[in-house]
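What follows is the residue order along each chain.
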Amino acid sequence: MSELFRLADEQAWRVAGTTAPNPAVGCVLLNERGEIIGRGATQPAGGAHAEVMALRDAAQAGHSVKGARAIVTLEPCNHTGRTGPCAVALADAGIARVDYLFADPSPLAQGGGEYLRERGVDVTGPHLAFGPSEDRQKDGVADTDAAHSDAPDAQWQSVFAVEAWLTSATQGRPHVTLKLAATIDGFVAATDGTSQWITGEIARQHVHQDRKTRDAIIVGTGTVVADDPRLNARQSDGTPFAQQPLRVVMGQRDIADSAPIFQPPGEAIHLRNRDPHAVLQNLHERGVVDVLVEGGPHISSAFLSAGLVDRIQLYQAPSVLLAGRPALQPSPELSTSMSDIREFTPRSIETLGRDILLTLSR
């Protein structure tokens, strides 16, 4: 089962960064022999959802879906908005079994699983509970199905594309990933301020690939003044990707309109606010679901101190500087003890050329 969910999730990742305010969901359809006959993912807002796209894919290939099985990364919706309910579409198409990974927390759209059960469809899900690791440990799994042996392992579980939307839907703010790139001893720049390049080319290209899956990227005015970044998402040859995140500069310092960060492709805004809560609220009202915080040290520390970091991506170079500018720069008034430590759950570790990417989540 876990492999089937990963196949569905692959579809979702292909559209990540294009679906807000809707979730990036993936779906695959299997015939009675277990062969994939349809694939689909959520389209941009107002377009078809993953299940409908998979049904269309199967129909275009000449496959009958009567008696088929649907594997979906989110509970099929039971709501009519700009599109019809996916639960109804699956039932009307004659789907015999539906497995979904996460329950839909939206009061408007939830209930698709129950709708399908009432119409005789064999429904299994949710296979995984959602929430910070401490909540899962405290409350247990969301459903008895999540303890089933087919469910993916809880530890070192790959990050699913729909998780950003789940956080946004339950927290009422965008999901926040903090990106850090540092030496082994935790520095992001030398004492003279130089920072190019701590990580290698493969890691840097991975960052660009990741950027294009985000709705927005946040940096502080200090980073813009010091580094003058473009902060867009580029291919290995320097060509911009068609999909570009919203570039957000936060802070009170003036930034010239001619700065590279404000130049096309894509859009950029300057929010004259140092409060991470206020910045996220502003972006939430704009329909932003998933943001990447790229620094600098003060901004990164502010989001961590506010308890707003849902995921950390640490690109670690096999290098030592001994002295330099640290990855985090908390307020000098901050005082902590070991009781204040904040635990994250390891999700994956990858080698990117000579560098390592460690992904953690709450």
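Note that the structure is a prediction, hence the values are computed from the model and not measured. (Residues numbered from 1 in each chain as written. Predicted model: local features only at pLDDT ≥ 70, side-chain atom pairs only at ≥ 80, totals over all residues. Heavy atoms only, no water.)

### Observations concerning the side chain of D210
Now for step 1: Tracing the backbone through its elements, the reader meets D210 in helix 7 (residues 201–211).
Now for step 2: For D210, the side chain forms a polar contact with the side chain of Q313, separated by 3.5 Å.
Now for step 3: Apart from the residues within four sequence positions on either side, D210 is in contact with L292 and Q313. (Helix = DSSP H or I, 4+ residues; strand = E, 2+ residues; numbered from the N terminus. Polar contact = N/O pair within 3.5 Å; in protein donor to acceptor, adjacent residues only side chain to side chain. Contact = heavy atoms within 4.5 Å.)

### Structural notes on the packing of aromatic side chains
Now for step 1: Summed over the entire model, instances satisfying the criterion amount to two aromatic pairs.
Now for step 2: Judged by centre distance (6.0 Å) and plane angle (90 degrees), the rings of F102 and F130 are edge-to-face. Here F102, found in strand 4 (residues 97–102), pairs with F130, found in the loop between strand 5 (122–124) and helix 5 (133–139); they are 28 residues apart in sequence, far enough to count as distant.
Now for step 3: In this structure F102 comes out as buried when scored by relative accessible area, which is 2%. (Phe/Tyr/Trp six-rings, centres within 6.5 Å; stacked < 30°, edge-to-face > 60°. Buried < 20%, exposed > 50% of the residue type's maximum accessible area, 1.4 Å probe, protein only.)

### With respect to the environment of P330
Now for step 1: Structurally, the position occupied by P330 is in the loop between strand 13 (325–326) and strand 14 (345–352).
Now for step 2: Since its relative accessible area comes to 36%, P330 is described here as partly exposed.
Now for step 3: Between the alpha carbons of P330 and S301 there is a distance of 5.2 Å; along the sequence they are 29 residues apart.

### Some remarks on unusual backbone geometry
Now for step 1: Residue G125 is joined to P126 through a cis peptide bond whose omega torsion reads 0 degrees.
Now for step 2: Cis rather than trans, the peptide bond between P264 and P265 has omega equal to 10 degrees.
Now for step 3: Although it is not a glycine, D228 adopts a positive phi angle of roughly 50 degrees.
Now for step 4: The residue D228 is located in the loop between helix 8 (221–227) and strand 9 (246–250) in this model.
Now for step 5: Residue D228 is classed as partly exposed on the basis of its relative accessible area of 44%.
Now for step 6: Of note, the phi angle at L322 is positive, near 75 degrees, even though the residue is not glycine.
Now for step 7: Of note, L322 is situated in the loop between strand 12 (311–316) and strand 13.

### Side note on helix 3 (residues 86–93)
Now for step 1: Taken residue by residue, helix 3 has C86, A87 and L90 as its buried positions. With its buried residues spanning 105 degrees around the axis, helix 3 presents them on a single face.
Now for step 2: Contacts made by the buried residues of helix 3 are with helix 2 (50–60), strand 3 (69–74), strand 4 and helix 4 (112–118). (Arc of directions from axis to C-beta.)

### Section: the nonpolar core
Now for step 1: One finds L29, V65, A70, I95 and F102 to be the most contacted residues of the largest nonpolar core, which totals 36 residues.
Now for step 2: Of all the secondary structure elements, the ones that give two or more residues to this core are helix 1 (2–15), strand 1 (26–30), helix 2, strand 3, helix 3, strand 4, helix 4 and helix 6 (163–171).
Now for step 3: Listed in part, the 26 residues of the second largest apolar core include L178, L180, L246 and I299. (Core = buried A, V, L, I, M, F, W, Y, C linked by side-chain atoms within 4.5 Å.)

### As for the sheet that holds strand 12
Now for step 1: Judged by pairing direction, the sheet is mixed, and its eight strands sit side by side in the order 10-9-8-11-6-12-15-14 without closing on themselves. Pairing within the sheet leaves two strands with one partner each, and these edge strands are strand 10 (268–271) and strand 14. When strand polarity is set aside, the average angle formed by the axes of neighbouring strands in this sheet is 20 degrees.
Now for step 2: Strand direction decides the pairing type here: strand 9 and strand 10, joined by four bridges, are parallel. (Pairing = 2+ DSSP bridges. Axes fitted to C-alpha atoms, helices over the stretch in contact; angles between N-to-C directions.)

### Description of the sheet that holds strand 4
Now for step 1: Sheet architecture is open: five strands sit in the order 2-1-3-4-5, paired in mixed fashion. Pairing within the sheet leaves two strands with one partner each, and these edge strands are strand 2 (36–41) and strand 5. Put simply, the sheet's adjacent strands are angled 15 degrees from each other on average, direction ignored.
Now for step 2: Strand direction decides the pairing type here: strand 3 and strand 4, joined by five bridges, are parallel. Across the sheet, residue I71 finds its bridge partner in strand 4, namely D99.
Now for step 3: In the packing of helix 1 onto the sheet, the strands contacted are strand 1, strand 2, strand 3 and strand 4, and the crossing angle to strand 1 comes to about 135 degrees.
Now for step 4: Packing against the sheet, helix 2 makes contact with strand 1, strand 2 and strand 3, and its axis sits at approximately 140 degrees to strand 2.

### So, empty space enclosed by the protein
Now for step 1: As enumerated under the stated definition, the model contains one cavity of 30 Å³ or more in all.
Now for step 2: Considered as a void within the structure, the largest cavity measures approximately 160 Å³ in volume.
Now for step 3: Contributing to the lining of the largest cavity are 18 residues, with G17, A24, A161, A164 and D290 lying nearest its centre.
Now for step 4: Its residues assigned to classes, the lining of the largest cavity shows 10 nonpolar, five polar and three charged. (1 Å grid on protein atoms, 1.4 Å probe; cavity = no way out; pocket = protein on both sides within 12 Å on 5 of 7 lines; lining within 4 Å. Points joined across faces, edges and corners; volume = space filled by probe spheres on them. Nonpolar A, V, L, I, M, F, W, Y, C, P; charged D, E, K, R; others polar.)

That's the geometry; what it means functionally is another story.
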